[in-house]
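Structural overview for review
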Amino acid sequence: MLTNFFSTTKPVNSMFIIALFFCYVIVGFFTGFVPVINFTLILWFLIFFGIVNFVNSRNDLTFDNSYFFLFFVFLLGFFPEAFKINTFFYSNIVLTVYVRRVYSFQSSKNIIKKLFDSGFWIGVSFLIEPFTLLFFPLTFISILIHQHIDARRIFTPIIGFSVPLILYFTYCFWYAELDRFYALFYWYTNYDFSFYYTSKYLSLFSLVLVLVSVSSILKTPKTLRVKNTFRKSWILICFHFLFSLILLIVLKNRNGSEILYIIFPSALIIANGFELFQKKWYADIILLIFFSASLMYYIY
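To keep things clear, this report deals only with the structure shown in the data block. (Residues numbered from 1 in each chain as written. Predicted model: local features only at pLDDT ≥ 70, side-chain atom pairs only at ≥ 80, totals over all residues. Heavy atoms only, no water.)

When helices and strands are counted, the chain shows 13 helices and 0 strands. Starting at the N terminus and ending at the C terminus, the chain contains elements arranged as α-α-α-α-α-α-α-α-α-α-α-α-α. By the compact-globule yardstick of 19 Å for 300 residues, the chain fits well, its C-alpha radius of gyration being 20 Å. Along the first, second and third principal axes, the C-alpha set of the chain runs to 60 × 50 × 35 Å. (Helix = DSSP H or I, 4+ residues; strand = E, 2+ residues; numbered from the N terminus. Rg over C-alpha atoms; globule rule 2.2 N^0.38 Å.)

Structural data, given as structure tokens:
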């Protein structure tokens, strides 16, 4: 019954999922995981939902259903620390706009403009969180997979990336604050993962990794056997997840909200895996287990 309901993309489905998001926020607020509920928080997350759903539907990264959005909100519910408006959130917004361009390389229309835009947006994200530069290779992987590499297509995103850096350098130079600009290139990190060592965090994070792994194992052979656009997009989704995982490892500041980086690609992979047995009798049970697991953090 649940799978039948979410197997379409009707407005009522989206409204139900948004209501589920509000439930997580309210429960998180009363249990202390969400520090404050205000108009800014709700507005920014609704904008975020609109962007990720647009990226997914525009580039056909999943089938025509609501599973991606559902699992995206489920994963947010797994990690209530992600309900924070901070630099990690803002860089996620910019990165989502960046990957929108990267996934759109499947069409050769205005490809140079898309390449410039991808470089520009990764440059903006770099100014917010320097470690997100790790995603920049995704541009070149995408153009290699979907199109072909030449000198102009290599240098165009690099030029786009340099534009926000030049503007920021000019600003810092004008106000004699060049130390702020140079600080962007002081890449150092620590490997203190004690924040994640609680049993609840380990259990939920392990569950996500297991679901992503199982979905990848189920989906990849079927996808690679068919020569179509989605096969290329699937390879790109896997790289997207890999870079997100590496980013979580190398970030120097960890407070839980950085988990937001991995939620988008994880939801894409899990949704694609779930679609393979959506009409099976146990699909509803899987959704119920997923929902129950998402409540575990708040109850225990």
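Looking now at the pattern of salt bridges. Taken as a whole and assessed by the stated rule, the structure comprises 4 salt bridges. A salt bridge links Asp117 to Arg101; its shortest N-O distance comes to 2.9 Å. Taken as a pair, Asp117 in helix H6 (residues 111-128) and Arg101 in helix H5 (residues 87-103) lie far apart in primary sequence, 16 residues in all. When the shortest N-O distance is used, the salt bridge between Glu177 and Arg180 registers 2.7 Å. In the salt-bridge network here, residues are joined through shared partners; they are Arg101, Lys113 and Asp117. (Salt bridge = Lys/Arg side-chain N within 4 Å of Asp/Glu carboxyl O.)

Further remarks concern the packing of helix H7 (residues 137-146) against helix H11 (residues 229-250). Across the interface, H7 lies against H11 with an axial gap of 10 Å and an inter-helix angle of 165°. Here H11 runs roughly antiparallel to H7, going by the angle between their axes. Read as a crossing pair, H7 and H11 show a hand that is right-handed. Across the interface between the two elements, Pro137, Leu138, Ile141, Ser142, Ile145 and His146 of H7 pack against Thr229, Lys232, Ser233, Ile235, Leu236, Phe239, His240 and Phe243 of H11. Of the residues assigned to the contact of H7 with H11, the class counts are 8 nonpolar, 5 polar and 1 charged. (Axes fitted to C-alpha atoms, helices over the stretch in contact; angles between N-to-C directions. Parallel < 35°, antiparallel > 145°, perpendicular 65-115°, else oblique. Left-handed = near helix turned anticlockwise from the far one by under 90°. Contact = heavy atoms within 4.5 Å. Nonpolar A, V, L, I, M, F, W, Y, C, P; charged D, E, K, R; others polar.)

It is worth spelling out the side chain of Asn65 at this point. Note on placement: Asn65 falls in the loop between helix H3 (39-58) and helix H4 (67-78). In this structure Asn65 comes out as buried when scored by relative accessible area, which is 7%. Side-chain polar atoms of Asn65 contact the backbone nitrogen of Tyr67, separated by 3.2 Å. Within the structure, Asn65 has its side chain in polar contact with the side chain of Glu275 (distance 3.0 Å). Once residues within four sequence positions are removed from consideration, Asn65 is found in contact with Phe6, Ser7, Thr8, Thr9 and Glu275. (Buried < 20%, exposed > 50% of the residue type's maximum accessible area, 1.4 Å probe, protein only. Polar contact = N/O pair within 3.5 Å; in protein donor to acceptor, adjacent residues only side chain to side chain.)

For the rest of this paragraph, the subject is empty space enclosed by the protein. Applying the stated criterion across every chain, the model contains 1 cavity of 30 Å³ or more. For the largest cavity, the calculated volume is near 90 Å³. Looking at the largest cavity, the residues that line it are Phe48, Asn92, Leu95, Thr96, Val99, Phe135, His240, Ser244, Leu260, Tyr261, Phe264 and Pro265. Of all elements in the fold, only H5, H11 and helix H12 (260-274) reach the threshold of two or more residues within the lining of the largest cavity. Each residue belonging to the lining of the largest cavity can be placed in one class, and the counts come to 8 nonpolar, 4 polar and no charged. (1 Å grid on protein atoms, 1.4 Å probe; cavity = no way out; pocket = protein on both sides within 12 Å on 5 of 7 lines; lining within 4 Å. Points joined across faces, edges and corners; volume = space filled by probe spheres on them.)

Turning our attention to H7. Think of an α-helix as turning once every 3.6 residues; residues three or four places apart then point the same way. Listed in full, the buried residues belonging to H7 are Leu138, Thr139, Ile141, Ser142, Ile143 and His146. Elements in contact with the buried residues of H7: H5, H6, helix H8 (151-174) and H11.

Further remarks concern a nonpolar patch on the surface. Taken together, the side chains of Phe116, Leu144, Ile149, Ile154, Phe155, Ile158 and Ile159 make up a nonpolar region of the molecular surface, amounting to roughly 610 Å² of accessible area. Tallying contributions element by element places H8 first for the nonpolar patch, with 4 residues. Note on placement: Phe155 falls in helix H8. With relative accessibility at 51%, the residue Phe155 sits in the exposed group. (Patch = residues over 30% accessible without salt bridge, like charges linked within 9 Å, V, L, I, M, F, W, Y side chains within 5 Å. Areas by Shrake-Rupley, 256 points an atom, 1.4 Å probe, with all protein chains shown as cover.)

Keep in mind that these numbers describe shape and distance, not what the molecule does.
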